Amino acid sequence: MFKRARIAAKSAARRSTFARRVLAALLAASLLPAAASSVEARDPLLAYGARIVGDDARTRIVIDFDREPRFSVHYIANPERIVVDLPATAFGFPAKDLAARGLFKDIRYGKMDEESARIVLTTTGPVKLALAKVQADEAGKGHRLVLDAEMIDKRAFAELVKTQSWSDRTEAAQTTSAIPAPEKAAPGDFVIAVDAGHGGIDTGAIGVDTKTEEKQVTLAFAKALTDRLNKEPGIKAFLTREDDEFLSLSQRVLIARQNHAGLFISLHADTLKQKDIRGATVYTISDKASDKLAADLAERENLSDQIAGKETVAEPPEVADILLDLTRRETQAFSISLAESVLNSFKDQVGTINNPHRHAGFRVLQAPDVPSILLEIGFLSNAEDEKLLLDEAWRGKIVGLLTDAVKRYRAAVMANGG
């Protein structure tokens, strides 16, 4: 009996050992894709070279990668664009190597989020990719993406747009579960969304001297302002974007609303054709622009989604309300109050343009229930403003004045029972 028990015990032990080995193998197998994915996420593709040749009938783009890239192609109308989506990619070639020519009048590329990048080719008219393929480099240095574009008629392009499959059409309506709420926001805390303009593929303006990108300037100011606001009792500020990531205009608004923000401050540093114009400007939303400068700026800022290869979508009814009928007058009045508070803080401390409070139909200010301003801190097209925008001490001064403005605004709201 004891012998049979020992045999049974040994058999059970063998089965247990075998089971553990099988389980370990299964776990290892199940972890492999995740591990590989994790490695890929930490180690983006490197696009180390690019070239473009051709004319207004046929144009070829070649981009060299350190390893084989996965990619997909989509077409967008109004205006006509070709979008090439890639995994996370670092673009390491000089911008001049992929300067627009031939069938392309504008070429943008950059990060969309932590896992993806995008190339947006704005075309001179209806165009399709007759060839889009990846091939190994003959010298064994990696792989190259080859894109051959050719002219087609409007009907053929419309058919391409109509019949394609595009998985992110509903992105604007989903957004933001990944965006954290302000840390330790207590009941009664005054919550502020600080929005760093542009990001990812949308670089924004470029500095006249240093060629610094606007998206870098706005993120530096947004982080400094958020940190400073969070030192104030009863105030909790958060960033709409925390790194070099693209967010659509509707995503930015949705992030503020989902986190129950009481204020939305969008930071920018644009360029103008008039290089001598400098100083800060505060914008609020309106159905009619206050002047041509405001109208032109709003038009450029509203093209952010187009630059990133987003489809044009109809604005929700509440946007039409605020842009056309100003039915949300209370929110607009609070936005104007905030703008005035900011300009009062800047008085005799920070240079501003003439008539520094202006208004236009900025889509990023469209939240019907969140008082919102767009602050042009300065202009990267002006050499003196550019120096200040890159100066850490001056940034600290602006951040302090903005914090004072927010505190005064909050005090006024609280005094009126808000």
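Residues numbered from 1 in each chain as written. Predicted model: local features only at pLDDT ≥ 70, side-chain atom pairs only at ≥ 80, totals over all residues. Heavy atoms only, no water.

A. Quick look at the overall build of the chain. Assigned secondary structure in the chain consists of eleven helices and 15 strands. The proportion of buried residues among the 418 residues of the chain is 45%. (Helix = DSSP H or I, 4+ residues; strand = E, 2+ residues; numbered from the N terminus. Buried < 20%, exposed > 50% of the residue type's maximum accessible area, 1.4 Å probe, protein only.)

B. Structural view of empty space enclosed by the protein. This structure, assessed with the given rule, holds three cavities of 30 Å³ or more. Lining the largest cavity, in full, are Asp195, Gly197, His198, Asp202, Leu249, Arg252, Ser266, His268, Glu301, Ser304 and Val364. Counting only elements with at least two residues in the lining of the largest cavity, the list comes to helix H5 (249-258) and strand E12 (263-268). Residues belonging to the lining of the largest cavity are distributed by class as follows: two nonpolar, five polar and four charged. (1 Å grid on protein atoms, 1.4 Å probe; cavity = no way out; pocket = protein on both sides within 12 Å on 5 of 7 lines; lining within 4 Å. Points joined across faces, edges and corners; volume = space filled by probe spheres on them. Nonpolar A, V, L, I, M, F, W, Y, C, P; charged D, E, K, R; others polar.)

C. Broad picture of the pattern of salt bridges. Scanning the entire structure with this criterion turns up 25 salt bridges. Note that Asp137 and Arg144 form a salt bridge whose closest N and O atoms lie 2.9 Å from each other. Across the pair, exposure class does not vary: Asp137 and Arg144 are buried alike. A salt bridge links Asp369 to Arg257; the nearest nitrogen and oxygen atoms lie 3.0 Å apart. With Asp369 in the loop between strand E14 (352-360) and strand E15 (372-376) and Arg257 in helix H5, this residue pair connects regions lying 112 residues apart in the sequence. Connected through shared salt-bridge partners, Arg51, Asp64, Asp137, Glu138 and Arg144 make up one network. (Salt bridge = Lys/Arg side-chain N within 4 Å of Asp/Glu carboxyl O.)

D. Region of the structure containing the layout of surface pockets. As a volume, the largest pocket reaches approximately 950 Å³. What lines the largest pocket is a set of 40 residues, and nearest its centre among them are Arg108, Tyr109, Ile201, Asp202 and Thr203. Broken down by secondary-structure element, the contributors of at least two residues to the lining of the largest pocket are strand E5 (89-91), strand E6 (104-113), strand E7 (116-123), helix H4 (214-229), helix H6 (292-301) and helix H7 (304-307). Among the elements that make up the lining of the largest pocket, the one with the highest residue count is E6 (seven residues). When its residues are assigned to classes, the lining of the largest pocket shows 17 nonpolar, ten polar and 13 charged.

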